[in-house]
Amino acid sequence: MNGPLADGFGREVTGVRVSLTDRCNFDCVYCHNEGLGDTRGPMEPDDNEMTADDVVRFLEVVEEFGVEKVKFTGGEPMLRQDLEAIIRRTPDSMETSMTTNGTFLPGRAEDLREAGLDRVNVSQDAIDPEAFAAITKSGAYEQVLEGVEAAVATGLTPVKLNMVVFKHTAGYVEGMVEHAANNDGLQLQLIEYMPELTGHPEWNIDIQRVHDWLADISARVEHREMHDRTRYWIAGDDAAPGARIDASNGGMVEIVDPVENPTFCANCHRVRVTHEGYLKGCLNRNDDLRSMGEMSRDAIRETFRETVANRVPFYGEYMVRDDNDEWVVNDAYVSPPTAAD
Ligand code: SF4
């Protein structure tokens, strides 16, 4: 096995995010579908989706390049009935996780765990059935809560609850923080809203306010260099006064704030794979998609090498600040006009 491949900015690629489908049974108002835009369609299996064999072959090849982690995403990856089979065939050396809306976890969490899944992230944007229904355009709130319970019970822990923080959810942040602090096996990831991918800049809220509020109420704050992320440890209601807070008597809350954050991009170690078998070097770009064609081992190897060699940090390199302090595309990445233009 080779060591991880690095791009021209010294960023080694140690993880892949593999979208198994772009189908989804929810219709969240902020969805960006892995940066591809809104392509939700019918729920039936789609001919364009990578087969289980394609996915496994891809993972076996990138394992040769030192990739240690895979996260299965969508759409909703649990709409794939062969998900357990894919996970069973995922190389043993890889840490395997999944991002799901949780609806299908009751009844399948145990099989997934047995197949080799290590952890799940479950999207939960509010602790209120009505708000949840309005955001996801779905009435599956109870099923999602049951799904989270099933995941915790079967040991897919820590279960990370993903909450996108924007105008519609800001009022539920406090409730979700309390929920994570008082329930075993849960962590909360507050994800900055991405207006550049989802539109509606008016839904944006200042994420720094959330940082400041969490810093105020935390029992303990840790800073992780990787991704420039801060972890806030919140005491549970039963924590003894003065006790050191950890997962046994409280909960951890992290803010994922990649927007306009060059440090976050400088620490980006993941390549994405679309459900159709294209490699994508950066969430925010669709001008660097590379097809893996028929997905032979050689084609995967070559396309993966090219993708890594060409990936650049989005903020700080692809996007730079102009004289007015606005983010603009770096001239180096603007294609020169052609005679046809
Ligand atoms: S380079 Fe930045 S914007 Fe692109 S995927 Fe990585 S962290 Fe996200």
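Thresholds, definitions, all that
The numbering scheme is per chain: residues are counted from 1 as the chain's sequence reads. Totals for whole chains, interfaces and linings use every residue, but because this is a predicted model, local features are given only for residues with pLDDT of at least 70 and side-chain atom pairs only at 80 or more, for both listing and counting. Hydrogens and water molecules were not included; the side-chain quantities draw on all heavy atoms of the structure. Numbering of helices and strands runs from the N terminus; a helix is a DSSP stretch of H or I covering at least four residues, while a strand is a stretch of E covering at least two. We compute the radius of gyration from the C-alpha atoms alone; for a globule the expected value is 2.2 Å times N to the 0.38, where N is the number of residues. Residue exposure (1.4 Å probe, protein chains only): buried if accessible area is under 20% of the type maximum, exposed if over 50%, otherwise partly exposed. Two residues qualify as a contact provided that any one of their heavy atoms is within 4.5 Å of a heavy atom in the partner residue. What sets the accessible areas is the Shrake-Rupley method with a 1.4 Å probe; for residues, cover comes only from the shown protein chains. Note that His is not counted, nor are the chain ends; the positive residues are Lys and Arg, and the negative ones are Asp and Glu. By convention, the point assigned to a charge is CZ for Arg, NZ for Lys, CD for Glu and CG for Asp. UniProt positions are given in the numbering used here, feature names are shortened, and annotations may be inferred rather than shown by experiment. Think of it this way: one heavy atom of a residue within 4 Å of a molecule or strand is enough to make that residue near it. Each residue is assigned to one class: nonpolar for Ala, Val, Leu, Ile, Met, Phe, Trp, Tyr, Cys and Pro, charged for Asp, Glu, Lys and Arg, and polar for all the others, Gly among them. By definition, two strands form a pair when at least two bridges between them are found by DSSP. Angles run from 0 to 180 degrees between N-to-C directions of axes, and those axes are lines fitted to C-alpha atoms, restricted for helices to the stretch in contact. Picture the helix axis, draw a direction to every C-beta atom, and the arc is the one those directions span. Angular relationships are summarised with four words: roughly parallel below 35 degrees, roughly antiparallel beyond 145, roughly perpendicular across 65 to 115, and oblique for the angles in between. By definition, turning the near helix anticlockwise from the far helix through less than a right angle yields a left-handed crossing, and turning it clockwise yields a right-handed one.

In terms of helices and strands, the chain carries 10 helices and 14 strands. In terms of overall size, the chain behaves like a compact globule, its C-alpha atoms giving a radius of gyration of 20 Å where 341 residues would be expected to give roughly 20 Å. For the chain, the proportion of its 341 residues judged to be buried stands at 50%. Put simply, of all contacts in the chain between residues at least 6 apart along the chain, 68% involve residues at least 24 apart. Here the chain displays about 15,600 Å² of accessible surface, and carbon together with sulfur accounts for 46% of that area. Each charge sign in the chain was given a centre, from 32 positive and 63 negative side chains, and these centres are 4 Å apart.

This brings us to the UniProt feature "binding site: [4Fe-4S] cluster 1" (unreviewed entry) in the chain. Here the UniProt-annotated "binding site: [4Fe-4S] cluster 1" (unreviewed entry) positions come out as Cys24, Cys28 and Cys31. Topologically, Cys24 is positioned in the loop between β1 (15-19) and α1 (52-64). The topology assignment puts Cys28 in the loop between β1 and α1. Taking the relative accessible area as the measure of exposure, Cys28 reaches 14% and is therefore buried.

Looking now at the site of the ligand. Around the ligand, the structure places Arg11, Phe264, Cys265, Cys268, Arg272, Cys282, Leu283, Asn284 and Phe314. Taken together, the residues that form the shell around the ligand break down as 6 nonpolar, 1 polar and 2 charged.

A few words now on the sheet that holds strand β4 (residues 119-123). An order of β7-β8-β9-β6-β5-β4-β3-β2-β1-β10-β11-β12 is seen for the 12 strands of this open sheet, with the pairing classed as mixed. In this open sheet, the two edge strands, each paired with only one partner strand, are β7 (220-224) and β12 (290-291). Alignment of β7 against strand β8 (residues 229-235), held across 5 bridges, turns out to be antiparallel. Residue pairing in the sheet places Val221 in a bridge with Tyr232 of β8. Packing against the sheet, α1 makes contact with β1, β2 (69-73), β10 (270-273) and β11 (278-280), and its axis sits at approximately 170° to β1.

In this structure, β1 lies alongside β10, joined through 4 bridges in parallel fashion. Across the sheet, Val18 pairs through a bridge with Val273, a residue of β10. Relative to β11, β10 runs antiparallel, the two sharing 2 bridges. Counted as the bridge partner of Arg272 is Lys280 from β11.

Below, the discussion takes up the pairing of strand β9 (residues 250-256). For β9, the buried fraction is high: 7 of the 7 residues fall into the buried class. Of the pairings in the sheet, the one linking strand β6 (residues 186-192) to β9 comprises 5 bridges and is parallel in character. Note on β9: the bridge partner recorded for Leu190 is Ile255. Sheet topology places β8 next to β9; 5 bridges connect them, and they run antiparallel. Within β9, the residue paired with Trp233 across the bridge is Met252.

It is worth spelling out helix α6 (residues 173-182) at this point. All buried positions along α6 are accounted for by Val173, Met176, Val177, Ala180 and Ala181. Viewed end-on, α6 has its buried residues packed into an arc of 135°, placing them on one side of the element. Buried positions along α6 lie against β5 (159-165), β6, α8 (207-217), β8 and β9.

A few words now on the packing of α1 against helix α10 (residues 297-310). Viewed as axis vectors pointing N to C, α1 and α10 meet at an angle of 55°, and their least axial separation amounts to 10 Å. Of the possible angle classes, the one that applies to α1 and α10 is oblique. Crossing of α1 against α10: the hand is right-handed. Here Arg57, Phe58, Glu60, Val61, Val62 and Glu64 of α1 come into contact with α10, specifically with Arg297, Ile300, Arg301 and Phe304. Along the lines of polarity and charge, the residues of the contact of α1 with α10 split into 5 nonpolar, no polar and 5 charged.

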